[in-house]
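The primary structure of each chain is shown beneath.
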Amino acid sequence: MSTVRVEADRESCISAGRCMAANSSVFDQDDDGIVVVRTTHPAPEHRDSVRKAAYLCPAGAITLRSAP
Amino acid sequence: MTEAPPYPQPRTCPYEPPPGYAEIGERGPILKVRLYDGREAWMITGYRESRELLTHPNLSSQRTHPNFPIVAPRFRSQIARTLALIAMDPPVHDTYRRYLNPHFSLKAVRRMRPELERIVKGYVDEILDHGPPADLVRLLAVPLPSLVICRHLGVPYEDHEFFQDSSGAVMLGTEEESATAAQNLVDYIDSLVADQVKNPTDGLLGTLVRERVATGDIGHDELVSIALVLLIAAHETTSSSLALGIITLLEHPDQLARLHAGPSLLPGAIEELLRYIATTDLVATRIAKGDIEIAGRTIRDGEPVLVSGTLANRDPAVHGDADVLDITRENPHHVTFGFGIHQCLGQNLARIELEVAFHELLTRIPTMRLAVDVADLPILGAGTVQRVLSLPVEW
Ligand code: HEM
Ligand code: SF4
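First things first, this report covers the structure right here in the doc. (Residues numbered from 1 in each chain as written. Chains lettered and ligands numbered in written order. Predicted model: local features only at pLDDT ≥ 70, side-chain atom pairs only at ≥ 80, totals over all residues. Heavy atoms only, no water.)

Focus: the overall build of chain B
Helix and strand counts for chain B stand at 16 helices and 12 strands. Taking 21 Å as the expected radius of gyration for a compact globule of 395 residues, we find that chain B reaches 21 Å, a close match to that expectation. Across its three principal axes, chain B shows a C-alpha extent of roughly 60 × 55 × 35 Å. The buried share of chain B, taken over its 395 residues, is 58%. Contacts spanning at least 24 positions in sequence make up 73% of the contacts within chain B whose residues lie at least 6 apart. Within the structure as shown, chain B displays about 15800 Å² of accessible surface, and the carbon and sulfur contribution to it stands at 52%. (Helix = DSSP H or I, 4+ residues; strand = E, 2+ residues; numbered from the N terminus. Rg over C-alpha atoms; globule rule 2.2 N^0.38 Å. Buried < 20%, exposed > 50% of the residue type's maximum accessible area, 1.4 Å probe, protein only. Contact = heavy atoms within 4.5 Å. Areas by Shrake-Rupley, 256 points an atom, 1.4 Å probe, with all protein chains shown as cover.)

Set out below in C-alpha cells:
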C-alpha cells in the first residue's frame, strides 16, 4: 500500500482546527493558531483521519500526495 | 420554467426544515428563489456545491453592493451591511482574521475548558435548585454563551446582561429595534474600548489593544467593529444550537439512550445535531463579483446568491437517510458553520460549550424530559438563527 505525504499551506490556513480535531498526532497548531504538520509521512493507520482532515479543511489548505 | 419559490420560510418544528423546503431541495442543487422584497436570488442546496461555491474566488461578502441579497428587513441597516469580517472580502478580511485566529484556535479554546466546566456546573446547580419545570432557555441557553464571550473579551461581568439583551435584539428584533440595539451596543463598546486603550486588562480586548492598537495595525474604531461582531455572532447562534440540540435529543429517545450508554459518543453526537438542526438556516449570503460556473449553471457577475444550510446538511447525495438523526453517523458533514474563508471563527468555542453543557445535563439530570409538547414550544426566525423562546423541562 502506498503511503501519503501531507502538505499544509500555512498562508491559506484560517485556524479552524478541523485538521487537528481529526488527527492531533499528525496536525498541530502553532501559537498563531496556524496549522503545523507534525509528521509529513504519517503511518498507514492515520490515513483515513488524514483524508478526513483534508476534506474538512474549509480553506483547502491541506494537500495529500502519494509518496513512494 | 416554474416560478421561484419563496425563501426563507418559517419552520413549524424547532428542528425540522419548513415543509416547503422539500420541493426546493428537489429542484436543487441550484435554483432561483424569491426573497421577501420580491427580488430573486440564486440558491445552493447541495452540500458539495456549497463547498465549491464558498471557496470560489469570485464570491464576495460585500453587503454594500446594491444587489446584495437582503433576507429580512433588519439586514438593511448600515451596521448590518458593514460588519467586520462577515461583510468583508480579502485582503482586509484575512488580515483581521489573522489577528483573531490565535485567540479562537482549537488549542486556545481547549485551554478554556476547566473554566467552562465551572461556569456550566453553576448554571446546572441553579436549574436543580429551581426544580421542575425549569426553563432551560432562561436558565442556561441564553446566559451561558453570553457570559463565555464576555469573559473571553474581558467585558465586565455586570454588563453581560446588557450584551445579552442587545445582541438578541440586533439579531431578532424588527428593523427598527435591531438598528437601535446595534447603535446602543456600538456606543457602549466604544466607551469600553476607550477604557481598554487607556488601561488594557487581561481579556481579548486588552490583548488586541496591546498587540494591534498600540502597534498601529488597527485604530479605535476598528477594534470597536471587531468587538461588535464577536459579541453579536457568538450569542444567539450558540444559545439556539444548545436549546435546539436539547429538544432534538429529547425528541429522539433511542438516540438519547445510546448517548447515556456511551458518553464517549458525545462529540460525534454534537456534530450530528449541528447537521440536523442547521441553526442559522442560511449559512451564507453573497454576491458574485465575476461569473461563477456551478452545477452546470452560471451565476453572473453582480448576481446575489444564498446557501441553504438546512438543505445542504440533508443533501441525499452525501448522506444516506439524511432526514434521520443518527448520533453515530460516520461522517456527519455539515455546513452549519459555513465553509471557506468565512467559516465560523467561534466554531471550536461553540463546540466545547455545547459539549460541556450536554455532558453536565446528561449526567446530572439523566431523566430530563420536555414539560410541554414539542408542538407547543414557541419558535421564531426564518433564514437566520432559528430560535425557541422557552424550553420548559422536568425530571
Ligand atoms: C453553534 C454556534 C454558531 C453557529 C451555528 C455559527 C455560524 C456561523 C456561520 C454559518 C458563519 C459563516 C457566515 C458566512 O460565511 O457569511 C459564521 C461566521 C462567524 N462566526 Fe459563528 N457561529 C456560531 C458560534 C460563534 C461563536 C461562539 C463566535 C464567537 C466568536 C462566532 C463568531 C463568528 C465570526 C466572527 C464569524 C465571521 C467569520 C469570518 O467572516 O471570517 N460564531 N458563524
Ligand atoms: S483545518 Fe485547514 S484551516 Fe483549519 S487549522 Fe487545519 S489547515 Fe488550518
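A few points about the packing of aromatic side chains
Residues and elements named next belong to chain B. The tally for this structure, following the rule as stated, stands at 4 aromatic pairs over all chains. For the pair Tyr7 and Tyr21, a centre-to-centre distance of 4.6 Å together with 20 degrees between the ring planes defines the contact as stacked. With Tyr7 in the segment before helix 1 (21–26) and Tyr21 in helix 1, the pair connects residues that are 14 residues apart, well separated along the chain. Accessibility classification places Tyr7 together with Tyr21 in one group, the buried group. Summarising the aromatic geometry, the rings of Tyr96 and Tyr99 are spaced 6.3 Å apart at their centres and angled 25 degrees between planes, so their arrangement reads as stacked. Of the two residues, Tyr96 and Tyr99 are both situated in helix 4 (residues 92–100); the distance of 3 residues between them amounts to about one turn of the helix. (Phe/Tyr/Trp six-rings, centres within 6.5 Å; stacked < 30°, edge-to-face > 60°.)

Points about the sheet that holds strand 8 (residues 304–308) of chain B
All names here are of chain B. Spatially, the 5 strands line up as an open sheet ordered 1-2-8-5-3, and their pairing is mixed. Pairing within the sheet leaves two strands with one partner each, and these edge strands are strand 1 (30–34) and strand 3 (59–60). As paired strands, strand 1 and strand 2 (residues 40–44) are joined by 5 bridges and run antiparallel to one another. Directly across from Leu31, in strand 2, lies its bridge partner Met43. Contacting strand 2, strand 3, strand 5 (282–288) and strand 8, helix 2 (residues 47–54) runs over the sheet at an angle of about 135 degrees to strand 8. (Pairing = 2+ DSSP bridges. Axes fitted to C-alpha atoms, helices over the stretch in contact; angles between N-to-C directions.)

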